[in-house]
Amino acid sequence: LYTADPNRDPEARFIPRVREITAEIEAMGGASVSGLGRGGMATKIAAARIAVNAGAHFVIAAGHPRHPVRRIEEGARCTWFTPV
């Protein structure tokens, strides 16, 4: 998760941990680039809200490289959403 789309904003900052999903965090999800509204960052943040409200941890990480879970375990860049 970044403060803005890093492909469009060179000032975008990476956020490694989210302890509370605020309106500001939701706004970072932005609108769907494709216009279909499925699978984008806003959808991932909505899923994170469901998970943390149920008491679970939730992670967003790159899924294209092989073995993404192993990569997270080995320290790959990701954003953790943690329950309060």
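Residues numbered from 1 in each chain as written. Predicted model: local features only at pLDDT ≥ 70, side-chain atom pairs only at ≥ 80, totals over all residues. Heavy atoms only, no water.

Novice: Tell me about the side chain of Thr82, and please be specific about residues and values.
Specialist: Structurally, the position occupied by Thr82 is in the segment after strand E3 (78-81). Look at Thr82 and you get buried, because its relative accessible area is 12%. The residues touching Thr82, leaving out its near neighbours within four places in the chain, are Arg17, Val18, Arg19, Val52 and His57. (Helix = DSSP H or I, 4+ residues; strand = E, 2+ residues; numbered from the N terminus. Buried < 20%, exposed > 50% of the residue type's maximum accessible area, 1.4 Å probe, protein only. Contact = heavy atoms within 4.5 Å.)

Novice: Could you give me a rundown of the environment of Ala56, with the residues and numbers involved?
Specialist: Along the chain, Ala56 turns up in the loop between helix H2 (41-53) and strand E2 (58-61). A C-alpha to C-alpha distance of 8.7 Å links Ala56 and Phe81, two positions 25 residues apart in sequence. Residues within four places of Ala56 in sequence aside, it is in contact with Ala51, Phe81 and Pro83.

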